[in-house]
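Survey of secondary and tertiary structure
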Amino acid sequence: AGASIASTTRERSRLDTVVIDPGHGGKDPGAVANGLQEKDIVLDVSHKLGDYIENRLDIEVIYTRTDDRFIALEERGHFANRNSGDLFISLHANAFRSSSVKGTETYFLGRSKTDAARRVMRQENSVVREYEENPDRYDEYDAEAFVKGELFLSASMQFSEEFAALVQDQFKHRVHRRSRGVHQAGFYVLWSASMPSVLVELGYITNPQEARYLNSDRGQTYLASGIFRAVREYKNKYNKGIVSSETR
């Protein structure tokens, strides 16, 4: 695996382009609770995050959507590929039947290992049945099939897991949010992106206290700055990795 990471890193000379994917949109509101819609929260945080990255790092930011429109899950990854993305960040907010549940979690693509991860995956993947016109195209995304495939051993997956850990570390230690950890699951939106990719759940809008935080300018600023710092740290590690792999 070490050789594949080194060669993958050499092929990508730098972290040049980050694709930010505000989840849901248009006819798909995402999670709805406490007077909030997930699609609005994640769009606000996405704009803040993109501004930080563009203004403070020498990285181009591309958004899968900049307004309230619906985009099929598969198309989001294809869009990132077409724009030569080096890192794909999909932003979401969570919901649960119990209003006491709260906290942040970050996912990368893999086989779900816990019931909680499967629940979140089903929630986000249900978009295709409810709103997409051709849901059958996702039938090939069979978890067992992809686990046996190359993806499971790919460098992208290891980079994705590393970046997900950086995000959660920022949320826990700098933003002081409850961290529900890093998990893997078979999210359709991450399937089609051929680059390191994560899905960030910013919090639970079903928790009244967290909903207020997610809807506040302060909360959105803190969350965006946490992810920004994770991108900055990832970029520094990534660039150091290139140097060390080329001098071996």
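Procedures and definitions
Residues numbered from 1 in each chain as written. Predicted model: local features only at pLDDT ≥ 70, side-chain atom pairs only at ≥ 80, totals over all residues. Heavy atoms only, no water. Helix = DSSP H or I, 4+ residues; strand = E, 2+ residues; numbered from the N terminus. Buried < 20%, exposed > 50% of the residue type's maximum accessible area, 1.4 Å probe, protein only. Contact = heavy atoms within 4.5 Å. Areas by Shrake-Rupley, 256 points an atom, 1.4 Å probe, with all protein chains shown as cover. pLDDT = per-residue confidence, 0-100. Lys, Arg positive; Asp, Glu negative; His and termini not counted. Salt bridge = Lys/Arg side-chain N within 4 Å of Asp/Glu carboxyl O. Core = buried A, V, L, I, M, F, W, Y, C linked by side-chain atoms within 4.5 Å.

Let's shift gears to the overall build of the chain. Looking only at helices and strands, the chain features 10 helices and 8 strands. Going through the 248 residues of the chain one by one, you find that 56% of them count as buried. Long-range contacts, defined here as pairs at least 24 residues apart, represent 83% of the contacts in the chain between residues at least 6 apart. Accessible area of the chain: about 11100 Å², with a carbon and sulfur share of 46%.

Residues with a pLDDT of 70 or more make up 87% of the chain, whose mean pLDDT is 89. The low-confidence segment residues 1-11, where pLDDT is below 50, has 14 contacts with residues more than four positions distant or belonging to other chains. When the criterion is pLDDT under 50, residues 244-248 qualifies, and its contacts beyond four places in sequence or with other chains add up to 4 contacts.

A word on the side chain of arginine 119. Counting through the fold element by element, arginine 119 comes out in helix 4 (residues 115-125). For arginine 119, which is buried and forms no salt bridge, the nearest opposite charge comes from glutamate 105, at a distance of 5.1 Å. With near-sequence residues (within four places) excluded, arginine 119 lies in contact with Asn94, Ala95, Phe96 and Tyr204.

In this fold, alanine 164 is placed in helix 7 (residues 155-173). Residue class for alanine 164 comes out buried when judged on its relative accessible area of 0%. Taking C-alpha positions, alanine 164 is 9.6 Å from isoleucine 89, a pair spaced 75 residues apart along the chain. Each residue touching alanine 164, except ones within four places of it in the same chain, is listed here: Thr106, Val182 and Val198.

Moving on, we come to the nonpolar core. Counting residues in hydrophobic clusters, the biggest one holds 44 residues, and the most contacted among them are Ile53, Ile89 and Leu202. Mapped by element, the contributors of at least two residues to this core are strand 1 (17-22), helix 2 (38-56), strand 4 (60-63), strand 5 (87-94), helix 7, strand 8 (197-204), helix 9 (208-215) and helix 10 (217-247). Considering each element in turn, this core owes the most residues, 8 residues, to helix 10. Leaving out residues up to four positions away in the same chain, isoleucine 53 has contacts with Val18, Ile20, Ile59, Val61, Phe228 and Val231. Grouped together as the second largest cluster of nonpolar side chains are 23 residues, Ala185, Phe187, Trp191 and Ala193 included.

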